[in-house]
Amino acid sequence: LPSRGPIPQSSACHLSSLGSFPQGLRFWSPKPDREAAGRGLLSLRFLSPLFPRTMAKALWTFGALLVAILLEVPESRAFMQGRVAHRRGAPMQMALAGMAKKLRQAKVDELKKSVEADPSHPIAQKMAQAGSLAASDDVFTAMKRPSGTVSILAEYKRKLAKSGFIRDMIEPRIMGGLFRDAGASVAAMYMDPDVGGCQIEDFEHFYKEQQSVAGDFPGPLPIIWHDLIFDEIQVAQAAAMSASAVTISWEVNGADRTKELVDYASSLAVESIVQVSSAESLQQVVDSGLSKLVAYMGCTLEEGEAAAQYLPKDRSVIGIVTVDVPNKPGEDLEEVAASWRLRDAGWGCIWASDILFRAGLDTGEDAKSIIKALKVKTSAKFGTPKALHGKGEGAKEYLGYLARS
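Residues numbered from 1 in each chain as written. Predicted model: local features only at pLDDT ≥ 70, side-chain atom pairs only at ≥ 80, totals over all residues. Heavy atoms only, no water.

> So what exactly am I meant to see when it comes to the sheet that holds strand S8 (residues 293-299) here?
Strand pairing in a sheet is mediated by backbone hydrogen bonds. Such pairs are either parallel or antiparallel. Spatially, the eight strands close up into a barrel ordered S1-S4-S5-S6-S7-S8-S9-S10, and their pairing is parallel. The average angle at which neighbouring strand axes cross in this sheet is 25 degrees, direction not considered. Examined bridge by bridge, strand S6 (residues 245-249) and strand S7 (residues 271-276) share five bridges and lie parallel to one another. When the sheet's bridge partners are listed, Ser249 is paired in S7 with Gln275. (Pairing = 2+ DSSP bridges. Helix = DSSP H or I, 4+ residues; strand = E, 2+ residues; numbered from the N terminus. Axes fitted to C-alpha atoms, helices over the stretch in contact; angles between N-to-C directions.)

Structure, rendered in structure tokens:
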């Protein structure tokens, strides 16, 4: 596809509501300015005279799937043949994830070559230690809470899924302390530069800030390397950067390949969070005993509540869940109430990502207040996050002031 190169990040503050596409899949835009949808994607504003917004989104979605099919991505063929689990958004997510994997293969191969050519490379040195390091359970220990309560996994990122780059994002060395002071149990960094927007330097600064409070209370948070991982070299890179855990997708890699990556991560003293996108996959991972950490990504509230039945009651496997609640006008931060219901259903950890930054940094609705609200022991039946009168009213303060009290 023709491309005129990436648009500078300073000019790409707003992506289209479609989010970002994998690096390498760029579409030339006749308006290479801040109205263009970052990294060369065609802005929906340009299409608006010809198509309604929803039709434009549908055209882009269909086009992305068509490209995936042309690239012979297995996941896209599975979608067309109806073999992928039928749930909202899952087939398209699988097709795009498979396409991203294929497009990122070149970068992974390039990293391999540089590591193989330099025996003193930090990644090469870490790979040489495989099998000689004791397995770690720091993330599992940090996440585990008694039944009826949840821990919070707070994720740092520089892009939001549906709005693009975060303007004036607080630097990692500051945000790491905010997560820790708010009561998060674990932190994550979205290291995919095209989806999460974080770079290696961001991870380094975040890690150094956490280590600066070693011996204090609260102490350093374990950090998760969140990325599309499909090769051992990626696991070794995360281990060389002192990540405590990595994310490995069950659907993208398949059962056998996922097990190989989990075993390799364990040999480097790195824990694995197996990501799934359906209740069926969640049950398979739990039954297999592959990992003590499993994350159900992008589910709706109802899907999350129903899937909780597959989690062991003794929390020998910790279920991590993200929830996709379509907020309507006047119903901001509905994810807070959803997290209370998921807690009551049996989930042990809430993965907080976009919700931490969606409301900006205003007092009472900043990331620190939201983290506290997510983990508060409020009844989902008798309380609501933002009730001002009537049922669920509680005290007169707003959500943020309650959360920080």
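That shown, we press on.
> I tried to follow unusual backbone geometry on my own but got confused; where do I start?
Apart from glycine, the bulk of residues carry a negative phi angle, and the bulk of peptide bonds sit in the trans form. Here the amide bond leading from Phe217 into Pro218 is cis, since omega sits at 0 degrees, within 30 degrees of zero. Looking at the secondary structure, you find Pro218 in the loop between helix H8 (200-211) and strand S5 (223-226). Positive phi, normally seen in glycine, also occurs at Ala269, with a value near 65 degrees. Residues other than glycine seldom take positive phi values, yet Arg315 does so here, at roughly 60 degrees. Relative to the helices and strands, Arg315 is located in the loop between helix H12 (301-307) and strand S9 (318-323). Of the residues examined, Arg315 reaches a relative accessible area of 7% and is grouped as buried. (Buried < 20%, exposed > 50% of the residue type's maximum accessible area, 1.4 Å probe, protein only.)

> Just to check I follow, could you spell out the packing of aromatic side chains for this structure?
How two aromatic rings sit relative to each other is given by the distance of their centres and the angle of their planes. Inspection of the entire model under this criterion finds four aromatic pairs. A ring pair is formed by Tyr156 and Phe206, whose centres lie 6.3 Å apart and whose planes are at 50 degrees; its orientation type is tilted. Within this pair, whereas Tyr156 is found in strand S1 (residues 151-156), its partner Phe206 is found in helix H8, the two being separated by 50 residues in sequence. When its relative accessible area of 0% is taken as the criterion, Tyr156 is described as buried. When the centroid spacing of 6.3 Å and the interplanar angle of 40 degrees are considered together, the rings of Tyr296 and Trp347 count as tilted. Of this pair, Tyr296 sits in strand S8 while Trp347 sits in the loop between helix H13 (334-345) and strand S10 (349-352); the two residues are 51 residues apart in sequence, bridging distant segments of the chain. (Phe/Tyr/Trp six-rings, centres within 6.5 Å; stacked < 30°, edge-to-face > 60°.)

> What is the right way to read the packing of helix H9 (residues 232-240) against helix H10 (residues 250-267) from this model?
In contact at an axis separation of 10 Å, H9 and H10 are set at 30 degrees when each is read in the N-to-C sense. Judged by the angle between their axes, H9 and H10 are roughly parallel. Relative to H10, H9 is oriented so that their crossing is right-handed. Across the interface between the two elements, Glu232, Val235 and Ala236 from H9 touch Arg257, Leu261, Tyr264 and Ala265 from H10. Among the residues making up the contact of H9 with H10, the classes are represented as five nonpolar, no polar and two charged. (Parallel < 35°, antiparallel > 145°, perpendicular 65-115°, else oblique. Left-handed = near helix turned anticlockwise from the far one by under 90°. Contact = heavy atoms within 4.5 Å. Nonpolar A, V, L, I, M, F, W, Y, C, P; charged D, E, K, R; others polar.)

> Explanation requested: H9 in the structure shown.
Note that an α-helix has 3.6 residues per turn; residues three or four places apart therefore point the same way. Looking only at H9, the buried set comprises Ile233, Gln234, Val235, Ala236, Ala238 and Ala239. Measuring from the backbone nitrogen of Ile233 back to the side-chain oxygen at the start of H9 gives 2.9 Å, which picks out Asp231 as the cap. (Polar contact = N/O pair within 3.5 Å; in protein donor to acceptor, adjacent residues only side chain to side chain.)

> I keep staring at the side chain of Gln234 and nothing clicks. Help me out?
Assignment of secondary structure puts Gln234 in helix H9. Among the residues examined, Gln234 registers a relative accessible area of 4% and is labelled buried. Other than its neighbours up to four places away in sequence, Gln234 contacts Arg104, Val108, Asp227, Leu228 and Ile229.

> Would you mind going over the pairing of S10 with me for this structure?
Alternating positions in S10 separate into two faces, Cys349 and Trp351 on one and Ile350 and Ala352 on the other, with burial throughout. Note: S1 against S10, four bridges, orientation parallel. Bridge assignment links Ser151 to a residue of S10, and that residue is Cys349. Judged from the two bridges that link them, S9 and S10 form a sheet pairing that is parallel. The residue of S10 that forms the bridge with Ile320 is Cys349.

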